[in-house]
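Each chain, written out:
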Amino acid sequence: MLAVTDKVIELIYSPSLVENFRGVDMVLSCGDLPYYYLEYIVTMLNVPLLYVHGNHDPPIEYSSSGRQLTGPAGCINVHGRLVREKELSVVGLQGSIRYKPEGKYQYTDSEMWGQVLKMTPALLLNRLFTGRRMDILLAHSPPYGIHNGRDWTHVGFKSFLWLMRRFKPRYLIHGHRHVYNPLETTQTQYEQTMVINVYPYKILEIPDE
Ligand SMILES: [Zn+2]
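None of these values were measured; they are calculated from a predicted model. (Residues numbered from 1 in each chain as written. Predicted model: local features only at pLDDT ≥ 70, side-chain atom pairs only at ≥ 80, totals over all residues.)

Tracing the sequence through the fold places Y199 in the loop between β14 (193-197) and β15 (201-203). Residue class for Y199 comes out buried when judged on the 23 C-beta atoms lying within 10 Å of it. Separated by 23 residues in the primary sequence, Y199 and H176 place their C-alpha atoms 7.7 Å from one another. In this structure Y199 touches T5, D6, G175, R177, H178 and V179, once residues within four positions along its chain are discounted. (Helix = DSSP H or I, 4+ residues; strand = E, 2+ residues; numbered from the N terminus. Buried ≥ 20, exposed ≤ 12 C-beta atoms within 10 Å, placed from the backbone. Contact = placed C-beta atoms within 7 Å.)

Written out as structure tokens, the structure is:
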């Protein structure tokens, strides 16, 4: 699996994408990426691309031909729902903590609680019918206290901690927090979930469970 977030990478946005990432079955995007970049990836790799929006995503992006895009064409927006793809269950939660009054993809902690609670019936049903926990929680923001920043624009969500304790996803994949120091922690085990900051991209091997 190829996971991308926050920054356009030359190695990916290049004609050798297919060669460089041969064997990738699915792409995950944690947001804050231009829609043309995700469209390029999905077109070239020709595998499902699941995404959530980041706080910097514009409500409308104009393509070079003047086309209005509210999201990347041909990709699957998983915000607020549970999607099954390649035998994996993926749940999405878009956006970051609210740090200014306007901004479509920003939430206060209690607004995100609302989003999380709205998801719980689907998560309970999923566990009931499949007998399995969810595989991937795809988010833009990190959880509170894990890989999040000290500045208030990069604080994570407390509700994500509850979601992990309650529903035990195998992975929480996020971006938002840019990593410049190679010694900075980007993988943290929390209860039964591996929390991974994929900035700016990571290859993930998801074993069968
Ligand atoms: Zn962000």
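To continue, consider unusual backbone geometry. Here the amide bond leading from Y199 into P200 is cis, since omega sits at -10°, within 30 degrees of zero. Structurally, P200 can be placed in the loop between β14 and β15. Of note, the phi angle at D32 is positive, near 60°, even though the residue is not glycine. Along the polypeptide, D32 turns up in the loop between β2 (27-29) and α2 (35-45). In this structure D32 comes out as buried when scored by C-beta crowding, with 22 C-beta atoms within 10 Å. The backbone of E87 sits at a positive phi, close to 65°, despite the residue not being glycine.

Before going further, it helps to spend a moment on the nonpolar core. Grouped together as the largest cluster of nonpolar side chains are 45 residues, with contacts concentrated most on A3, L138 and I173. With residues up to four places along the chain from it excluded, the contact list for A3 reads L28, C30, I173, V198, Y201, K202 and L204. (Core = buried A, V, L, I, M, F, W, Y, C linked by C-beta atoms within 7 Å.)

What follows concerns the packing of helix α3 (residues 109-130) against helix α4 (residues 158-167). Between α3 and α4, whose axes approach to 8 Å, the crossing angle comes to 20°. Looking at the two axes, α3 sits roughly parallel to α4. Remark: the crossing between α3 and α4 carries right-handed chirality. Seen from α3, the contacting residues are D109, M112, W113, V116 and L123; seen from α4, they are K158, S159, L163 and F167. Along the lines of polarity and charge, the residues of the contact of α3 with α4 split into six nonpolar, one polar and two charged. (Axes fitted to C-alpha atoms, helices over the stretch in contact; angles between N-to-C directions. Parallel < 35°, antiparallel > 145°, perpendicular 65-115°, else oblique. Left-handed = near helix turned anticlockwise from the far one by under 90°. Nonpolar A, V, L, I, M, F, W, Y, C, P; charged D, E, K, R; others polar.)

Attention now goes to the sheet that holds strand β11 (residues 136-139). Spatially, six strands are ordered β7-β8-β11-β12-β14-β13 in an open sheet, and the strand pairing comes out mixed. At either margin of the open sheet sits one strand with a lone partner, and together these are β7 (82-85) and β13 (187-190). Going across the sheet, the axis of each strand differs from the next one's by a mean of 25°, ignoring polarity. Note: β7 against strand β8 (residues 88-93), four bridges, orientation antiparallel. Following the sheet pairing, E85 is matched in β8 by L88. Contacts between α3 and the sheet are confined to β7 and β8, with β8 contributing the most and set at about 170° to the helix. (Pairing = 2+ DSSP bridges.)

Within the secondary structure layout, L17 lies in helix α1 (residues 17-20). Excluding residues that lie within four positions of it along the chain, L17 makes contacts with I12, I41, M44 and L45.

The strand order β6-β3-β2-β1-β15 describes an open sheet built from five strands, whose pairing is mixed. The open sheet has two free edges, formed respectively by β6 (76-77) and β15, since each of these has just one partner strand. One ladder, built from three bridges, connects strand β1 (residues 2-4) with β2; its direction is parallel. Residue pairing across strands places A3 opposite L28, the latter belonging to β2.

With four bridges joining them, β13 and β14 adopt antiparallel strand pairing. Bridging from a neighbouring strand, Q187 pairs with I196 of β14.

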